[in-house]
Amino acid sequence: GYPHQSNGRAEPLSRSWDRLFAEVGVERGDLVLNARVWHRIQESDTRDDNPDITDYLGYGDLTAFWQQGGHSYTLMLRGRPAAGKGAVQATWMSPPILGPLRAYTQVFSGYGESMIDYNWRQNTLGFGLALSDLY
């Protein structure tokens, strides 16, 4: 695949990158394991607004997704251990509470929760509503 990711801001707050990726997943019962690796497409030095992004976001991620009794659980690991950087994200989603509407809680720790501050370590806790499952 080829994703372009950008925060849509102008300099000096602009952050973007382009990647090529390959992904493989395995499903067994209520458990899905997904592995993804990527290669950053380099930009010219004058256009690159985050040349060190792979130091923080690494070259891939692993995601586990599990469903039980209408509840969904997701665990994502990402990073570059050689640089001592990475992230972990865990999510719980409720069974549907009204039509497709589900409640969720998400915990994130590490680098790259958002494009603007990909190089700042953060610990966040979020709550919300979703119209579909994460996976």
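Residues numbered from 1 in each chain as written. Predicted model: local features only at pLDDT ≥ 70, side-chain atom pairs only at ≥ 80, totals over all residues. Heavy atoms only, no water.

With antiparallel pairing, the eight strands of this open sheet are ordered in space as β1-β2-β3-β4-β5-β6-β7-β8. Of all strands in the sheet, those with a lone pairing partner are β1 (4–6) and β8 (122–130), marking the two edges. Taking the axes of each pair of neighbouring strands and ignoring which way they run, one obtains an average angle of 20 degrees across the sheet. With three bridges connecting them, β1 and strand β2 (residues 16–28) associate as antiparallel partners. Each bridged residue has a counterpart across the sheet, and for S6 the counterpart in β2 is S16. (Pairing = 2+ DSSP bridges. Helix = DSSP H or I, 4+ residues; strand = E, 2+ residues; numbered from the N terminus. Axes fitted to C-alpha atoms, helices over the stretch in contact; angles between N-to-C directions.)

Before going further, it helps to examine the packing of aromatic side chains. Under the criterion given, the structure shown has four aromatic pairs. An angle of 55 degrees between the planes, with centres 5.1 Å apart, marks the rings of Y56 and Y111 as tilted. One end of the pair, Y56, is in helix α1 (residues 53–57); the other, Y111, is in the loop between β7 (102–110) and β8, and 55 residues separate them in sequence. On the accessibility criterion, Y56 (15% relative accessible area) is buried. When its relative accessible area of 13% is taken as the criterion, Y111 is described as buried. One aromatic cluster in this structure is built from Y56, Y111 and Y118. Lying across the ring of W38, R19 places its NZ or CZ 4.7 Å from the centre. (Phe/Tyr/Trp six-rings, centres within 6.5 Å; stacked < 30°, edge-to-face > 60°. Buried < 20%, exposed > 50% of the residue type's maximum accessible area, 1.4 Å probe, protein only. Lys NZ or Arg CZ within 6 Å of the ring centre and 35° of its normal.)

In this structure, D133 sits in the segment after β8. Note on D133: relative accessible area 18%, which makes it buried. When the C-alpha atoms of D133 and H71 are compared, they prove to be 9.7 Å apart, with 62 residues separating the residues in sequence. The residues touching D133, leaving out its near neighbours within four places in the chain, are F65, Q67, S72, M93 and R102. (Contact = heavy atoms within 4.5 Å.)

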